[in-house]
Amino acid sequence: MTVLENIVGEHAERSAALWAQRDSLALDDPPDLNAVRAIDDRLEINLDGLRVAGLAAWPCVLSMDEEAPGKGALFVVSWTAFEFETADHVAKVVEIGRTAIDGPAGLLGALAWHEPRKIGAWVRTWIDEGDSFKRLLGMSACLAHRVDPKQVLLLRLRDPETSVRIVSLRLAGELRRADLTAEIANALTDEDQQVRFWAAWTLNELGQSGPGLAELRRTVERGDHNGVLALRAVVKATPVKQVRSWIGTLLRLPQSAPFGVRAVGMLGDRAILPWLIEQMGYPALAVAAGASLLELFPESRWVGDLFTNDPDAAGTHFREYFGDRIARVPLKDGVLDWARRQGYVE
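Everything numeric here is computed off the predicted structure, so don't read it as measured data.

**So, the packing of aromatic side chains**
Under the defined criterion, the tally for this structure stands at eleven aromatic pairs. Geometrically, the ring pair formed by Tyr321 and Phe322 is edge-to-face, given 4.9 Å between the ring centres and 85 degrees between the ring planes. By relative accessible area, Phe322 is classed as buried at 6%. By the ring-pair criterion, three or more aromatic residues cluster together here, those being Trp19, Phe75 and Trp113. Directly above the ring of Trp198 sits Arg170, whose terminal nitrogen or CZ lies 4.9 Å from the centroid. Sitting over the face of the ring of Phe307, Arg328 holds its NZ or CZ atom 4.4 Å from the ring centroid.

**What about unusual backbone geometry?**
Going from Asp29 to Pro30, the amide bond is cis rather than trans, its omega being -15 degrees. Within the element layout of this structure, Pro30 appears in the loop between helix 1 (3-26) and helix 2 (33-53). Backbone geometry at Arg146 places phi at a positive 55 degrees, although glycine is not the residue there. With respect to the helices and strands, the residue Arg146 is situated in the loop between helix 8 (132-145) and helix 9 (152-157).

**Structural notes on the packing of helix 2 against helix 4 (residues 71-84)**
Interaxial distance between helix 2 and helix 4 falls to 11 Å at its minimum, and their mutual angle equals 55 degrees. By the angle between their axes, helix 2 is oblique relative to helix 4. As helix 2 packs across helix 4, the resulting crossing turns out to be right-handed. Note on element contacts: helix 4 touches helix 2 through Phe75, Val76, Trp79, Thr80 and Glu83, opposite Leu43, Leu47, Leu50 and Arg51. Per-class residue counts for the contact of helix 2 with helix 4 are six nonpolar, one polar and two charged.

About the cut-offs
Residues numbered from 1 in each chain as written. Predicted model: local features only at pLDDT ≥ 70, side-chain atom pairs only at ≥ 80, totals over all residues. Heavy atoms only, no water. Phe/Tyr/Trp six-rings, centres within 6.5 Å; stacked < 30°, edge-to-face > 60°. Buried < 20%, exposed > 50% of the residue type's maximum accessible area, 1.4 Å probe, protein only. Lys NZ or Arg CZ within 6 Å of the ring centre and 35° of its normal. Helix = DSSP H or I, 4+ residues; strand = E, 2+ residues; numbered from the N terminus. Axes fitted to C-alpha atoms, helices over the stretch in contact; angles between N-to-C directions. Parallel < 35°, antiparallel > 145°, perpendicular 65-115°, else oblique. Left-handed = near helix turned anticlockwise from the far one by under 90°. Contact = heavy atoms within 4.5 Å. Nonpolar A, V, L, I, M, F, W, Y, C, P; charged D, E, K, R; others polar.

Laid out in structure tokens, this is it:
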């Protein structure tokens, strides 16, 4: 292996690891945006190394994706292909992303990372493609860059492919396309539950929460993976007195109790901290209580001894509850000591 290949390989591997870490951090509840921005700076430096290498980088990044496939590797090989702006390279990564073992997240991430002018020609073609995967890529790129595809958006809201309808609904919400309200409301009766959820979320973003509010509440109450998003939408659209009453209902049911704890953090009332600390003693509620703590007290994120990634450190009952699952849980006693030092509790 030549020196150039070694250097390019290091940049490729570091870029893959950094983007995968960035993607995971961005999905945290709540996300640490400062940490994400710090990774962005490091990632761009390594991508510059691939950019300087030019076409010589292609065999290296392709080999990395073949030998160690994953969302980070897919991001790097996709980013490199779009950087070249050649049809053959782009066609190659579209096919890689279509069958990726971790799904197309890395490919979508590369579309989001590049400037619209770099990917615009592909996206304009894809949003009207007969190939549903390419339509998904095109609409996802529009969503990432908040680009309005104008009349095409109506067509994609009626797309036969569920994933395309979902992305199109999200885009309509982000763009505040109130002219599409009737079409979005029709999606509340879609056979797919995720489409119904995103229709309700979009209507909420358009200030028309009424028709979809029941769907948002059901999403929370059944513990759906979009529960936190639905929860925030309900809190945003509902008077505080009604939200508090609903939170009481959530807390009474095991499957929805964590969302009740999480909702408390969205209300912005720091006086609730003593109650939150109590919930940190229950394994099923601790993660939600920790997320609410971070939302109410962002400064707590930088205190080194308030959270642990090892449930064993929180106690035997935590180990029994989480088993082999990885979880970042707050340490009740540590949080209490910190809160007393800060004067937040007596």
